[in-house]
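Here's the letter readout for the chains.
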Amino acid sequence: MNAISIQKLIKTYANGTKALKGIDLQVRSGDFFALLGANGAGKTTVIGIMTGLVNKTSGQMRIFDVDIDQDHPRAKTFMGVVPQEMNFNIFEKVEDILCSQAGYYGIPRAEAMRRCEVILKRLDLWEKRNHQSRTLSGGMKRRLMIGRALINHPQLLILDEPTAGVDVELRHEMWDFLRELNQNGTTILMTTHYLEEVEQMCKNAAIIKNGEIIACDQVKNLVRLVDQETYVVHVEHVHNLDRLNGHGVRRIDETTFEAELNKKERLNDFIARLSEAGMVLTDLRPKGNRLEKLFLRILKQN
Amino acid sequence: MTLNENYIALSTIVRKEVVRFMRIWSQTLLPSVITQTLYFVIFGKFIGSRIGDVGGISYMSFIIPGLVMMAVINNAFANVVSSFFGSKFQRSIEEILVSPMPNWIIIAGYVGGGTLRGVLCGILVFLVSIFFEHPMVHNFWLVIVFVVLTSVVFSLGGLANGIFAKKFDDVAIFPTFVLTPLTYLGGVFYSIHSLPEFWQKISYLNPILYMINGFRFGFYGISDVNVFLSLGILIFLAGSLTVINLRFLEKGTGLRA
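About the cut-offs
- Residues numbered from 1 in each chain as written.
- Chains lettered and ligands numbered in written order.
- Predicted model: local features only at pLDDT ≥ 70, side-chain atom pairs only at ≥ 80, totals over all residues.
- Helix = DSSP H or I, 4+ residues; strand = E, 2+ residues; numbered from the N terminus.
- Buried ≥ 20, exposed ≤ 12 C-beta atoms within 10 Å, placed from the backbone.
- Contact = placed C-beta atoms within 7 Å.
- Pairing = 2+ DSSP bridges.
- Nonpolar A, V, L, I, M, F, W, Y, C, P; charged D, E, K, R; others polar.
- Expected span 1.5 Å × (residues − 1).
- pLDDT = per-residue confidence, 0-100.
- Domains from an automatic or database assignment.

Chemist: Which residues make up the overall build of chain B, and what values go with them?
Modeler: Helices and strands together make up the secondary structure of chain B, namely 11 helices and zero strands. Sequence-ordered secondary structure for chain B, helices as α and strands as β, is α-α-α-α-α-α-α-α-α-α-α. Along the first, second and third principal axes, the C-alpha atoms of chain B reach 60 × 35 × 35 Å. Per-residue burial over chain B gives 47% buried out of 257 residues. Taking the intrachain contacts of chain B between residues at least 6 apart in sequence as the baseline, contacts between residues at least 24 apart amount to 82%.

So this is what it looks like as structure tokens:
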């Protein structure tokens, strides 16, 4: 079954901006799906239509086989949404934010309190339950929004750039948490600018540009399209870089530089060329930006 | 959503609204009490003692229903418009918009909160008035019907204003330029029979006149207008504003792009 099924979705804003130009998209139930695109590509508009914050111009959208034109309230019962920007009452207490959200879904107070405790403990916010949300740190606020989205036990969790502005440690914690949710059966749709996390977590991805889907496939297949990979090379002393012509080298500092390697090229050959240039290799690692390259490449093609 | 789920959603909004206005009681409940007390002292005691009876009752007794109603109107309207626009401004209204709650529950929740604040302020002002005069009650149920319906109507008005408002200025325009003049000219301090005929006719176009006079009829059995007409106008306004707000929410006016 598809968690999300979109056909010919069009959105033209009142000022004439065509945010979506007839996109088609299917996300399978249980998937961890990424929607990639530059700012203004239309990602947030798709999520807005799904969650009832944006009116579509035309087209069809079904959430777990429920047409939003026929019964949007029922479609909303399947969803939990984590928006890009903070959108809770800053004067409300953490616990009240979660319990009120549960109330909006018709969840009785006692059950809401029980769920609230489980979620806040899991997200390490239990100690802050009686604090006003404005007193929380940025990372805590982000976790609070995830907790709020989970209060109705959604089958589909939608995250709009959830790790924007989040430090590395918290980002990894959030990845673990989202992976756990997905493994337990929650379908996840995520938009992000951190392409590394798509590689780390998502099974499938679509790339959206100027309101159109320009690529949609398994992440591993999309990555295969990239024929070049960037490596970070650590040596005892960087010199004679001109002998590595054809590798698009970029010097970082006295002991580090980046080099582009074609997928067909063997690493042994590259290491041999390093030795010929008189450099002693101390470390070599991929930069992990293959998807970024793919992104730029597909954008350029289109 | 089932009937029970709708009830939970409704009570969640109402509870949230009540907690909000009770938490900031010095901004929401106290000002009306202080302002109306000043009216009682200055107009009722100092000036009223020189005016004499109006419609067979003392001037102080005459102004009590109007001043109670003024507090009800202002507070019911202000509660909903400020809370709803505040939610829009902070974008916390999205918590409600992404939920499966039907639009009529959203309206009922905010109107419930506004009505409770309006009625509570009315009760507080009435309690203060007892220190100055002992108003009689001609028809208790009519008093209740008028105070609740008026509170509902102005809560609905506040909601429509909150939905439309794009900036803080928009929140203040209607109360300042429409609501306050209509309230003061709605027969709080005078009987329209004391006005020249032309201004009497103009006054009949003011809906607040009917609310205040209907409410006053509940206390003393006297009114400048037909009390059933007053009731009819209140029900008509409540019905119309409910339909307008429902339409706004369905279209997403001021809420959805």
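Chemist: Got a sec to walk through the sheet that holds strand 12 (residues 250-251) of chain A? Specific residues and values, please.
Modeler: Residue and element names in this part refer to chain A. Taken in spatial order, the four strands make up an open sheet running 12-13-11-14, and their pairing is antiparallel. Unpaired on one side and paired on the other, strand 12 and strand 14 (281-286) mark the two borders of the sheet. Two strands pair when backbone bridges link them, and strand 11 (residues 228-235) and strand 13 (residues 256-262) are joined in this way by seven bridges, in the antiparallel orientation. Each residue of the ladder has a partner; that of His-234, found in strand 13, is Thr-256.

Chemist: An account of the interface of chain B and chain A is needed here, citing residue identities and associated values.
Modeler: The interface is formed by 22 residues belonging to chain B together with 25 residues belonging to chain A. Counting residues per element, the ones that place at least two in the side of chain B that touches chain A are helix 1 (3-23) and helix 5 (93-97) of chain B. The element contributing the most residues to the side of chain B that touches chain A is helix 1 of chain B, with six residues. Of the residues in the side of chain B that touches chain A, the class split is 10 nonpolar, six polar and six charged.

Chemist: If you had to explain helix 4 (residues 59-90) of chain B to someone new, which residues and values would you point to?
Modeler: Working note: α-helix, 3.6 residues per turn, so residues spaced by three or four point in the same direction. A rise of 1.5 Å per residue sets the reference length of helix 4 of chain B, with its 32 residues, at 46 Å; its end C-alpha atoms lie 46 Å apart and thus fit the reference within 8%. Note on helix 4 of chain B: the residue one or two positions beyond its end, Arg-91 of chain B, has a positive phi of about 70°.

Chemist: Residues and numbers for the confidence of the model for chain B, please.
Modeler: Per-residue pLDDT for chain B averages 92, and the proportion of residues at 70 or more is 100%. Model confidence for the complex is summarised by a pTM of 0.85, with the ipTM given as 0.87.

Chemist: Describe the pairing of strand 9 (residues 204-209) of chain A, and please don't skip the residues or the numbers.
Modeler: Residue and element names in this part refer to chain A. In this structure, strand 3 (residues 32-36) lies alongside strand 9, joined through four bridges in parallel fashion. Bridge pairing in strand 9 places Ala-34 opposite Ala-205. For strand 9 and strand 10 (residues 212-218), the ladder comprises six bridges, and the chain directions are antiparallel. Looking at the pairing, Ala-206 lines up with Cys-216 of strand 10.

Chemist: Lay out the domain arrangement of chain A with the relevant residues and their values.
Modeler: Interfaces are often described in size by the accessible area the parts lose on coming together. Its domain assignment divides chain A into domain 1 (1-78 + 154-224), domain 2 (89-152) and domain 3 (227-301). Its C-alpha centre places domain 1 of chain A at a distance of 34 Å from the equivalent point of domain 3 of chain A.

Chemist: Any chance you could break down unusual backbone geometry for me, citing the residues and the numbers?
Modeler: Residues and elements named next belong to chain A. With a phi close to 70°, Asp-65 is a non-glycine residue in the positive phi region. One can find Asp-65 in the loop between strand 4 (58-63) and strand 5 (66-67). Notably, His-153 is not glycine yet its phi reads approximately 50°, a positive angle. Mapped onto the elements, His-153 comes out in the loop between helix 5 (138-150) and strand 7 (156-160). When the 13 C-beta atoms within 10 Å are taken as the criterion, His-153 is described as partly exposed.

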